[in-house]
Amino acid sequence: MDFLGDEVDPPEQAGHTTYALDVDPTIGMLWTYADRREGDVYERVGGGTYDPATDTWGQGAFNADDISRAAVVYLRHHELFGDDHSLEMARELLRGLTYLQTATGPNAGNVVLWMQPDGTLNPSAEPVELPDPSDSADSYWLARTIWALGEGWATFVDVDPDFADFLEDRLVLSVEAVERERLDESYGTTQVVDGLDWPAWLIADGADASSEAVLGLSAYLDAGGTDAGAATALRRLAEGIAMMQLGTTHDWPYRAIMPWAQSRTVWHAWGDQMAGALARASIVLGDADLRDVAVRETGSFTPHVLAQGGPENGWLPTPIDLTQIAYGADATLQNLLASGDATGRESFDELAGVAAAWYFGNNPAGEPMYDPATGRTYDGIDTGGTINRNSGAESTIHGLLSMIELDRRPEVATWARVATRTEHVTWQVVEAESAGDGPRAEVVTPESAWTGEGQWSGGANLQLDGRARVSLAVDLPTRDRQWLQPVFHRTTDDGQLLQVGMDTPRGRPIDTGGAGDQGVTPTEGYLAVEGRLSAPAGPGEATVALQTLRPKAEVAVDAVLVQPALEWLTLRDGSRAQVLLRSFDLHRRTRRVVVDGAEGVVATTFDSLGREVTSSTSDGDSIVAVVVPGGFTVVRSADG
């Protein structure tokens, strides 16, 4: 991250200044990207198209999103290690960040996102980003500025009170912008999202964006900050985030806190810091309800995310974008650690070991994503499992945020290095259109796969008319009951009755109607997921059968998520192993786990809130692990 750092002497620009600019005219900046060149050499680059004649980028060289989060890295590194270099780097980046903040006029408190290499601000980037200009409304970069200012004040209040006073003034200015644009008129009001009443006062309509402001406000108040507006904003933003939780331990999205307040369909791992932010806020505010919302996600949803393969970029609602990046991996880790801090439950540290193993090989590429020799974290893993070996600011930032927490928690770090996947049984996506055209069944390819609030996986769907029946091929890895979850377009009318089963449709049908009022969403109805538990099937080739029952209705089916009632992930490092099991069954289950070469095995069973249910040990290399409905179990070699 030091390599990405830079200094700029900006020209005079109306409404923009910072601390002691008259004394020290240079401010800290951070390049946005670092692209890998031949010979494993990295070049710092900006965003958008580069114009060598003017030495400018379509977006810019430096951006507030990364500067704010990099400041947090340096602040936390100083807090843990007492590192003077990190303290100075944090100071200079905070001076640069507050220069990007508009200090006067109708947009006071908001933030210009981009700056060119010579320090010229670029409020209207190419390609266009909203809001445009970037300081004209609330934004993700405003939320991240609040994060950095809150953590900055918490550090500097003891080491440099004058600078801390400046940071507090700018924090209050940002909070006033949020109040002006979101909280004053919208707090307490809701917007209809396909039948749901969701908060209308989140920053940029994002629970993800708002969570980053909550992290900063929590840090500020926890360190003794007294601004009443900051306290009010923290409580109101946290309240709005908490309203965004959906599902049950078995029903999609399995108690996830959804990120975008204009879609009940979209979830993504990047920026998914909502549970951790609520856990932190619950401590500061003394609010157990916020803690409980966080724990419902990290005790139910997060074990499934980890067991099924990691922090993916897009469940829309079918898992479509399987890209994985450090922003998502770090968010998952931070959520677990914050939940553990708020509850004292060791289960979340045990899950954190699995989550942090992403950096060391527990990922679709099967290779380390973090290089401790250089501090690089690679930019991501694509859907095919190929690593993007560029190492830009965001990846570096979130990799380092994770490493700082592992330095803080050596026991979690020990298990993070047990990271080689050796066994993996989890859900599969079976595309409905794979059935092809047939009687009362037609493959439909819409002009755009994106609906405005969700996406058709594979770019197509299967339209089923009344009394259709189709079969979809699937290869099951084990014999088990399957939690069959059709993904379909839920309509506002009476809809169709859709029956699903292994080999033969059976059981209570799913009513695909009753979506509720469209509200603020761009399309009527939404892509929904609803499940039914089947009879045991597998291993080997099998079929998922779908049948419609109403003669004069139709339904568009996107896919079926075929979820084994018990899923698990095994990670090894020599004789050391950790195994995560997560149950979708309705009954208590057991599974024998064998760890070849281990001299003792420990199995600890937790419920869906992370509370310990039972623990057992074995002196040998195997153990019978118990898993409770909706809960998870962690099995580890005793010599770890």
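What counts and how
Residues numbered from 1 in each chain as written. Predicted model: local features only at pLDDT ≥ 70, side-chain atom pairs only at ≥ 80, totals over all residues. Heavy atoms only, no water. Salt bridge = Lys/Arg side-chain N within 4 Å of Asp/Glu carboxyl O. Helix = DSSP H or I, 4+ residues; strand = E, 2+ residues; numbered from the N terminus. Buried < 20%, exposed > 50% of the residue type's maximum accessible area, 1.4 Å probe, protein only. Axes fitted to C-alpha atoms, helices over the stretch in contact; angles between N-to-C directions. Parallel < 35°, antiparallel > 145°, perpendicular 65-115°, else oblique. Left-handed = near helix turned anticlockwise from the far one by under 90°. Contact = heavy atoms within 4.5 Å. Pairing = 2+ DSSP bridges. Core = buried A, V, L, I, M, F, W, Y, C linked by side-chain atoms within 4.5 Å. Phe/Tyr/Trp six-rings, centres within 6.5 Å; stacked < 30°, edge-to-face > 60°. Lys NZ or Arg CZ within 6 Å of the ring centre and 35° of its normal. Expected span 1.5 Å × (residues − 1). Bend = angle between axes of the 7 residues up to and from the residue.

(A) Inspection of the pattern of salt bridges at higher detail. Taken as a whole and assessed by the stated rule, the structure comprises 34 salt bridges. Two residues, Asp 24 and Arg 95, come together in a salt bridge whose shortest N-O distance is 3.5 Å. Residue Asp 24 is located in the loop between β1 (5-8) and β2 (27-30), and its partner Arg 95 is located in helix α2 (residues 84-100); the two are separated by 71 residues in the primary sequence. Relative accessible area serves as the criterion here: at 28%, Asp 24 is assigned to the partly exposed category. As a salt-bridge pair, Glu 151 and Arg 76 come within 2.7 Å of each other at their nearest N and O atoms. Linking Glu 151 in helix α3 (residues 140-159) with Arg 76 in helix α1 (residues 64-81), this pair joins segments that are 75 residues apart in sequence. Here Glu 151 and Arg 76 have matching classes, each one buried. Through salt bridges with shared partners, one network takes in Glu 79, Arg 280, Asp 341, Glu 405, Arg 408 and Arg 409.

(B) Main features of the packing of helix α8 (residues 288-308) against helix α9 (residues 326-343). For the pair α8 and α9, interaxial distance at closest approach is 10 Å and the crossing angle is 135°. By the criterion of interaxial angle, the relationship of α8 to α9 is oblique. Along this stretch, α8 crosses α9, giving a crossing that reads as left-handed. Of α9, the residues touching α8 (which contributes Arg 291, Ala 294, Val 295, Glu 297, Thr 298, Thr 302 and Leu 306) are Thr 332, Asn 335, Leu 336, Ser 339, Ala 342 and Thr 343.

(C) Region of the structure containing the packing of α9 against helix α11 (residues 393-408). Their axes nearest at 8 Å, the elements α9 and α11 cross at an angle of 25°. Judged by the inter-axis angle, α9 sits roughly parallel to α11. Seen from above, α9 lies across α11 with left-handed handedness. Contacts from Ala 326, Tyr 327, Asp 330, Leu 333, Gln 334 and Leu 337 of α9 reach α11 at Glu 394, Ser 395, His 398, Gly 399, Leu 401, Ser 402 and Glu 405.

(D) Local environment of the sheet that holds strand β24 (residues 497-502). Here we have four strands laid out as an open sheet, ordered β22-β28-β24-β25, and antiparallel in their pairing. Sheet topology places β22 (469-476) and β25 (506-511) at the edges, where each strand pairs with a single neighbour. Pairwise comparison of adjacent strand axes, ignoring direction, gives a mean angle of 25° for this sheet. With five bridges connecting them, β24 and strand β28 (residues 540-548) associate as antiparallel partners. Residue pairing in the sheet places Met 502 in a bridge with Val 544 of β28.

(E) A look at the sheet that holds strand β8 (residues 114-115). The strand order across the open sheet built from three strands is β7-β8-β9, with neighbouring strands paired in antiparallel fashion. Both edges of this open sheet fall to β7 (62-63) and β9 (121-122), since each of them pairs with a single strand only.

(F) Highlighting the nonpolar core. Within the largest apolar cluster, 147 residues are counted, with the highest numbers of intra-cluster contacts made by Leu 30, Leu 94, Met 115, Leu 217 and Leu 278. Not counting residues up to four positions away in its chain, the partners in contact with Leu 217 are Ile 146, Leu 171, Val 175, Ala 230, Ala 233, Leu 234 and Leu 237. Of all hydrophobic cores here, the second largest spans 27 residues; its members include Ala 432, Val 470, Val 544 and Val 555.

(G) Structural view of the side chain of Arg 255. Secondary-structure assignment places Arg 255 in the loop between α6 (228-242) and α7 (274-285). Not counting residues within four places of it along the chain, the set of residues in contact with Arg 255 comprises Gln 245, Leu 246, Gly 247, Thr 248, Thr 249, Arg 296, Glu 297, Ser 300, Phe 301, Ser 608 and Leu 609.

(H) Quick look at unusual backbone geometry. Residue Pro 127 is bonded to the preceding Glu 126 through a cis peptide linkage, with omega at 0°. Here Pro 127 shows up in the loop between β9 and α3. Along the chain, Trp 252 connects to Pro 253 via a cis peptide bond; the corresponding omega equals 0°. Structurally, the position occupied by Pro 253 is in the loop between α6 and α7. Residues other than glycine seldom take positive phi values, yet Tyr 254 does so here, at roughly 65°. Along the chain, Tyr 254 falls in the loop between α6 and α7. On the basis of relative accessible area, Tyr 254 is assigned to the buried category, the value being 0%. With a phi close to 70°, Asp 503 is a non-glycine residue in the positive phi region. When you line up the elements, Asp 503 lands in the loop between β24 and β25.

(I) How the structure looks around the packing of aromatic side chains. For the structure on display, the rule yields 17 aromatic pairs. With centroids separated by 4.8 Å and ring planes inclined at 65°, the aromatic side chains of Trp 153 and Tyr 220 adopt a geometry described as edge-to-face. Taken together, the residues span a long stretch of sequence, with Trp 153 in helix α3 and Tyr 220 in helix α5 (residues 207-222) at a distance of 67 residues. Accessibility expressed as a relative area gives 0% for Tyr 220, which makes it buried. Over the aromatic face of Tyr 327 sits the side chain of Arg 69, whose NZ or CZ is 4.9 Å from the ring centroid. Arg 582 extends its terminal NZ or CZ atom over the ring of Phe 584, reaching a point 4.1 Å from the ring centre.

(J) Seen up close, α3. For α3, which comprises 20 residues, the first-to-last C-alpha distance of 29 Å matches the rise-based estimate of 28 Å (1.5 Å per residue) to within 8%. Helix geometry: α3 is bent most strongly at Trp 153, by close to 30°. Where burial is concerned, most of α3 is hidden: 15 out of the 20 residues are buried.

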